[in-house]
2 protein chains.
Amino acid sequence: MRQTRDFNKPPVVLSYATIAGPKEGEGPLASYFDKVINNLYYYEDTWEKAEQKMLLEACELALQKANVTKEEVDFFLAGDLLNQVISANFVAKTLSLPFFGLYNACATFYESLALGSMLIAGGFAQKVLVGVSSHYATSERQYRNPTEQGVQKTPTAQWTVTGAAAVLLGEGEGQLKIPRVTVGKALDFGLADPSDMGGAMTPAAYDTLLAHFKETGFNYDYYDLIATGDLANFGHQVLVKLLAEQGINFGSKLTDCGILIYSPLQEVNAGGSGAACSALVTVGYVFDELNRGKISKFLGLGTGALLSQVTTQQGMTIPVIAHAVAIESY
Amino acid sequence: MRQTRDFNKPPVVLSYATIAGPKEGEGPLASYFDKVINNLYYYEDTWEKAEQKMLLEACELALQKANVTKEEVDFFLAGDLLNQVISANFVAKTLSLPFFGLYNACATFYESLALGSMLIAGGFAQKVLVGVSSHYATSERQYRNPTEQGVQKTPTAQWTVTGAAAVLLGEGEGQLKIPRVTVGKALDFGLADPSDMGGAMTPAAYDTLLAHFKETGFNYDYYDLIATGDLANFGHQVLVKLLAEQGINFGSKLTDCGILIYSPLQEVNAGGSGAACSALVTVGYVFDELNRGKISKFLGLGTGALLSQVTTQQGMTIPVIAHAVAIESY
């Protein structure tokens, strides 16, 4: 099966917005975000409400930047890491938009870009709003331990990014275009350590990356920048090694959003993760670099670990996925 | 915004399969299901693995009936009620298919039909496999109380359907066609009782139903049968009343999957619910009735309550959604 879809009339990015958490606002990409909040509660009485507020504000800001009202939006595609994707659900009902809830773990942003692009290129929508969020404190307490407990983490563990990003996709003219996507297969490589999700997701990123180049026939130097979602330091090193075994060397053109979002001094173990990790880096940093002409051809690979606490407790391995979306400025 | 999309070349149903749980196998629709399991564990050591097995078997059976290999499937769209949609994730990785994970609660089956139809009608897929599952025991312990505790339920509570259904959508010729879909808005009517989800979802069904008829311009007698997802007895009565206030009376043409799946003697309180409720009734019962020529025009409305335990605990109301999909035989 061919996983790549090319768009004759590429969907375009009409506008985008990002809101980052306090730690992300102290990181190297701080200046790229539209807004940085200074407290994980963001003036709400629960972390979950803070996460919803961030996602809502990112969506509203994206619409505002494009001067588009919510009545002009055909579909809202969104998801997050919380059980029942409640951040997305509550933002969807506040916006009262036709809504498709999505879940591909940390690959949800790229899942939403891929599906949203096909809905536009297929002629079913003129404007699609996509959005994702994640929040350190809501994820920690849901997936791991009560944060108050201060459980020590392993070196391979990653830090869930607090933030939200929204993109308004549309048809017609625009500087940033989405000419093609490669939809990732759900795979399982037998890895089972929930404290090393970067490692678990790495072969999925490898699989989709190779499928993308094989199916497009592009030279490996086609893209100016390739960024995986959130493999973080260890996963990224393994990916580089796996590619080297095939004689492929992207050099400094291959990076990872989980590495870029924090500085090594921030004590985040292997790096960042979370649905907002690849979203903040792609939308905040990469889109700006594309708009400023620093790069013109970008391939992002959203990576997701499709496990749950229950499947880990039941001794099961970690299904993984990676979706690739090309974003080009020309 | 127009919520309805019409397909010039309607996607078709290439094949479908259903697996039902023990209680569903004692209900009035038992003879319509491909398989009925006689134990909630289904020869597995956990309920969650049993649910995955049902969904996997439904998917494999649908492919087998159409004589289609998994390599011929372009995309797998699936979801379920469990945290992180793990039933869908584990089936996706077992099938190793390009995968979009979806979550719209009990409306997930109709969400997958709507998205799958657009991917085919848009020319991005020749074959899309959609599947959903739910399981009484996995849902009870995740959303409510340990089943062993035997907590008493309110009369408005619904019984989560155990089962899985899969549909292979395709292009070209086929007896069952999907000529149009109406994508539901996420809405909130201020209802907050998690033991009355049918009641909470009813205004969403009403909203999408009216949008569908308004946008298509169809007479109210256009469809031979209209079935809501899982409003169950109380919600259905309220919907009939809301419609009557607008002078609309569908009579016996309007029914509900949560009512149809069980007999009143089965002690299921208000009726059935769960992602598999509308899926089993639509795919098992309605598709067969369409194929046999008993009816030729069907409109299904998958309804979903987009809450979580956390949002209920935090005193929030219940966001709701309903997606409508027309399925016609001609």
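Structural notes, computed from the coordinates. Computed from a predicted model, the values in this text were never measured in an experiment.

This brings us to the pattern of salt bridges. Using the criterion set out here, one finds 30 salt bridges over all chains in the structure. Between K49(B) and D45(B) there is a salt bridge, with its nearest N and O atoms 3.2 Å apart. Taking the relative accessible area as the measure of exposure, K49(B) reaches 18% and is therefore buried. For D45(B), a relative accessible area of 57% corresponds to the exposed category. When salt bridges that share partners are traced, they join R2(A), D6(A), R180(A) and E328(A) into one network.

Looking now at the pairing of strand β8 (residues 163–170) of chain B. Residues and elements named next belong to chain B. Burial of β8 is extensive: eight of the eight residues sit out of reach of the surface. Here β8 shows a buried face lined by G163, A165, V167 and L169 and a second buried face lined by A164, A166, L168 and G170. Bridge count between strand β2 (residues 12–20) and β8: eight bridges; the pairing is antiparallel. Each residue of the ladder has a partner; that of Y16, found in β8, is V167.

To continue, consider the relation of the copies chain B and chain A. Overlaying chain B on chain A yields an RMSD of 0.0 Å, the required transformation being a rotation through 180° with an accompanying axial translation of 0.0 Å. Put plainly, the chains are arranged around a two-fold axis.

Moving on, we get to the packing of aromatic side chains. Counted by the stated rule, this structure contains 32 aromatic pairs over all chains. Ring geometry for Y136(B) versus W159(B): centroids 4.1 Å apart, planes at 5°, classification stacked. Of this pair, Y136(B) sits in helix α4 (residues 136–143) while W159(B) sits in strand β7 (residues 159–160), and the two are 23 residues apart along the sequence. Y136(B) sits in the buried class, given a relative accessible area of 14%. With relative accessibility at 18%, the residue W159(B) sits in the buried group. These aromatic residues form a ring-pair network of at least three members: F213(A), F218(A), Y220(A), Y222(A), Y223(A) and F250(A). The side chain of K297(A) reaches across the aromatic face of Y222(A), ending 5.3 Å from its centre.

Between chain B and chain A, the residue contacts involve 59 residues of the former and 59 residues of the latter. Together, M1(B), Q84(B) and F124(B) form the three largest contributors to the area buried by chain B at its contact with chain A, with a combined 15%. On inspection of chain B and its partner chain A, the count reaches four salt bridges. K93(A) is paired through a salt bridge with D188(B); the nearest N and O atoms lie 2.9 Å apart. Our enumeration of links across chain B and chain A arrives at 26 residue pairs in polar contact (both at pLDDT 80 or more). Secondary structure elements with two or more residues in the side of chain B that touches chain A: α1 (47–66), α2 (86–95), β5 (99–101), α3 (108–121), α4, β10 (187–188), α9 (309–313) and β15 (319–329) of chain B. Grouping the constituent residues of the side of chain B that touches chain A by class yields 31 nonpolar, 17 polar and 11 charged.

Another aspect to go through is unusual backbone geometry. All names here are of chain A. A positive phi angle, near 65°, is found at Q84, a position not held by glycine. Relative to the helices and strands, Q84 resides in the loop between β4 (75–80) and α2 (86–95). At V85, a position not held by glycine, the phi torsion is positive, near 35°. Following the sequence through the fold, V85 ends up in the loop between β4 and α2.

What counts as what
- Counting of residues starts from 1 at the beginning of each chain's written sequence and follows it residue by residue.
- Naming scheme: in the order in which they are written, chains are lettered from A and ligands are numbered from 1.
- Confidence filtering applies because this is a predicted model: local features only for residues at pLDDT of at least 70, side-chain atom pairs given and counted only at 80 or more, and all residues used for totals across whole chains, interfaces and linings.
- With hydrogens and water set aside, each side-chain value is computed from the structure's full complement of heavy atoms.
- When a carboxyl oxygen of Asp or Glu is within 4 Å of a side-chain nitrogen of Lys or Arg, the pair counts as a salt bridge.
- Each residue gets one of three labels from its accessible area relative to the maximum for its type: buried under 20%, exposed over 50%, partly exposed in between, using a 1.4 Å probe on protein chains only.
- Helix numbering and strand numbering both begin at the N terminus, where a helix is a DSSP run of H or I of at least 4 residues and a strand a DSSP run of E of at least 2.
- Think of it this way: DSSP has to see at least two bridges between two strands before they count as a pair.
- A least-squares superposition brings the copies together, and it is based on the C-alpha atoms of residues with pLDDT no lower than 70 in both.
- By convention, a stacked pair of Phe, Tyr or Trp rings (six-membered ring in the case of Trp) has centres within 6.5 Å and planes under 30 degrees apart, an edge-to-face pair has planes over 60 apart, and any other such pair is tilted.
- Only Lys NZ and Arg CZ are tested; either one counts as a charge over a ring when it is within 6 Å of the ring centre and within 35 degrees of the ring normal.
- Only heavy atoms matter for contacts: two residues are in contact if any of them lie within 4.5 Å across the pair.
- Summed over both partners, the accessible surface that disappears when two parts come together, traced with a 1.4 Å probe, is what is meant by buried area.
- As used in this structure description, the phrase polar contact means that two N or O atoms lie within 3.5 Å; if the pair is within protein, one of them must be able to donate a hydrogen and the other to accept it, and residues adjacent in sequence are counted only when both atoms belong to side chains.
- Any residue that is not Ala, Val, Leu, Ile, Met, Phe, Trp, Tyr, Cys, Pro, Asp, Glu, Lys or Arg is counted as polar, Gly included; the first ten are nonpolar and the last four charged.

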